[in-house]
Amino acid sequence: MNPAPPTGVPAHAPLVHVLRDGLVESVHHGSVVVLGPDGSTLFQAGDVDSAFYPRSAAKPVQAVAMVRLGLSLPPELLALTAASHSGEQVHLDGARRVLAASGSTEDDLGNPADLPFDPVERDRWISADRPARKLAHNCSGKHASMLRTAQVNGWSTADYLDPDHPLQREIAATVEELTGQRIAHVAADGCGAPLFAVSLRGLAAAAGRIASAPDGTPESAVAQAIRSHPEMVGGTRRDATALMRAVPGLIAKDGFEAVQIAALPDGTAIALKIADGTDRARLPATLAALALAGVAPEALEPFADPRFAVVDELSPDLRAA
């Protein structure tokens, strides 16, 4: 086990240019790492070894921990466990199914009430004058599964978000095992769940281990659920879902504050963070990193946007995205 990554202000690098008629209008800084199947560094830019918050990009790791603790769900609901869902009807129905499995209700969810994350769904709710609900929060699938995992193990459910709860201690242990490093800091995520600070390098290593895990393991169960039901991980209008449909075997998870992980079945993995936390540079940087990871250009070409250019100074190869 490696020590906890250092804390402090990360030394991010320029990653993405925003162009207007060929002239650079804005620059997004960030950090990105691409790891090979053996954990070797294929590419890195910026600060990939300092601690940061992975936000919802950590959900596949949390899902692995819950499967290890006895969570047993059909693949579409296990994918929802690792989701930041869009709030479409299929997501709400799935979260209800997980709650029913433990005899819980929407009121038992510890996440706050919200409107759907997807703008189309959100507009429909607003037009219908529907109030914010806990079930519509993008993390409700994860929280429903946390309640189910606590119930399976005979643990209390009212305090399932307490960092000292057995569930959260086991999730923390899984984070440290799969990232290969000690947790640097513990905070509360936007949904109320404990949030464990690690490095981008550690997060990429965890993604690669999940994606390449042998059949029959909790890691493989989560990876296969994500691959078979990418629409449950995001939604019908989400770029991470579209990427998983376009690239065979890919698992991908975005997170708030412009975080992204993705990994191929052989364990090649990427992790990135855009420094300013805004989302528009996340996809261009992700495409560049996936190109360096060996994904075929024709699979990525439909996602390319001429308004963005990856900064030339990082690598000539990175310009292909």
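Since the structure is predicted, the reported quantities are computational estimates derived from the model, not experimental observations.

## Re the overall build of the protein chain
Scanning the protein chain from terminus to terminus reveals 12 helices and 10 strands. Over its C-alpha trace the protein chain gives a radius of gyration of 19 Å, about what one expects of a compact globule, namely 20 Å for 321 residues. Across its three principal axes, the protein chain shows a C-alpha extent of roughly 55 × 50 × 35 Å. A burial count over the protein chain gives 55% of its 321 residues as buried. Pairs at least 24 apart in sequence give 64% of the contacts found in the protein chain among residues at least 6 apart. Carbon and sulfur atoms make up 52% of the accessible area of the protein chain, which totals about 12,800 Å². Of the side-chain charges in the protein chain, 27 are positive and 38 negative, and the distance between the mean point of each set is 3 Å.

## Describing the pattern of salt bridges
Across all of its chains, the model carries 19 salt bridges by this definition. Here Arg-237 and Glu-121 are joined by a salt bridge, their closest N and O atoms 3.3 Å apart. Residue Arg-237 is located in the loop between α9 (230–233) and α10 (239–246), and its partner Glu-121 is located in helix α4 (residues 119–127); the two are separated by 116 residues in the primary sequence. Given a relative accessible area of 11%, Glu-121 falls into the buried group.

## Regarding the packing of helix α6 (residues 166–179) against helix α7 (residues 200–211)
Between α6 and α7, the shortest axis-to-axis distance is 7 Å and the interhelical angle comes to 90 degrees. Comparing the axis directions of α6 and α7 gives the class roughly perpendicular. Here α6 contributes Glu-177, Leu-178 and Thr-179 to the contact with α7, which in turn contributes Gly-202, Leu-203, Ala-205, Ala-206, Arg-209 and Ile-210. Tallied by class, the residues present in the contact of α6 with α7 amount to 5 nonpolar, 2 polar and 2 charged.

## A word on the environment of Leu-203
Mapping Leu-203 onto the fold places it in helix α7. As a C-alpha pair, Leu-203 and Gln-260 span 57 residues in sequence and 9.8 Å in three-dimensional space.

## Brief notes about the pairing of strand β7 (residues 251–255)
When you tally the buried positions in β7, you get 5 out of 5 residues, the bulk of the element. Covered by surrounding structure in β7 are Ile-251, Lys-253 and Gly-255 together with Ala-252 and Asp-254, the residues of both alternating faces. Where β7 hands over to strand β8 (residues 259–263), the hairpin turn is made up of 3 residues, of which Glu-257 adopts a positive phi near 65 degrees.

## Describing the confidence of the model for the protein chain
Regions with low pLDDT should not have their predicted coordinates read in detail. Looking at the protein chain as a whole, its pLDDT mean stands at 95, while 97% of the residues score no less than 70. Long-range and interchain partners of residues 313–321, a stretch whose pLDDT sits below 50, account for 17 contacts in this model, where long-range means more than four residues apart.

Reading guide: rules and limits
Each chain carries its own residue numbering, running from 1 in the written order of its sequence. In keeping with the model being predicted, local features are shown solely for residues with a pLDDT of at least 70 and side-chain atom pairs are shown and tallied solely at 80 or more, while totals for entire chains, interfaces and linings include all residues. Neither water nor hydrogens contribute to the side-chain values; these are computed over all heavy atoms in the structure. The helix count covers DSSP runs of H or I at least four residues long, the strand count covers runs of E at least two residues long, and both are numbered beginning at the N terminus. The size measure is the radius of gyration over C-alpha atoms, and the globule rule it meets is 2.2 Å times the number of residues to the 0.38 power. The rule is simple: take the accessible area with a 1.4 Å probe, protein chains only, and divide by the maximum for that residue type; under 20% is buried, over 50% is exposed, in between is partly exposed. Contacts are assigned to residue pairs with any non-hydrogen atoms lying within 4.5 Å of each other. Using a 1.4 Å probe, accessible areas were evaluated by the Shrake-Rupley method; residue-level cover was limited to the displayed protein chains. Positive: Lys, Arg. Negative: Asp, Glu. His and the chain ends are not part of the count. Lysine's charge is taken at NZ, arginine's at CZ, aspartate's at CG and glutamate's at CD. Only one rule defines a salt bridge in this text: a Lys or Arg side-chain nitrogen within 4 Å of an Asp or Glu carboxyl oxygen. Interaxial angles span 0 to 180 degrees and are taken between N-to-C directions of axes, which are lines fitted to C-alpha atoms, for helices over the stretch in contact. In what follows, roughly perpendicular refers to angles from 65 to 115 degrees, roughly parallel to angles under 35, roughly antiparallel to angles over 145, and oblique to any angle outside these ranges. Polar here means any residue outside two lists: the nonpolar Ala, Val, Leu, Ile, Met, Phe, Trp, Tyr, Cys and Pro, and the charged Asp, Glu, Lys and Arg; Gly therefore counts as polar. Strand pairing is assigned whenever DSSP detects at least two bridges linking the two strands. Along the chain, pLDDT gives the predictor's confidence residue by residue, from 0 to 100.

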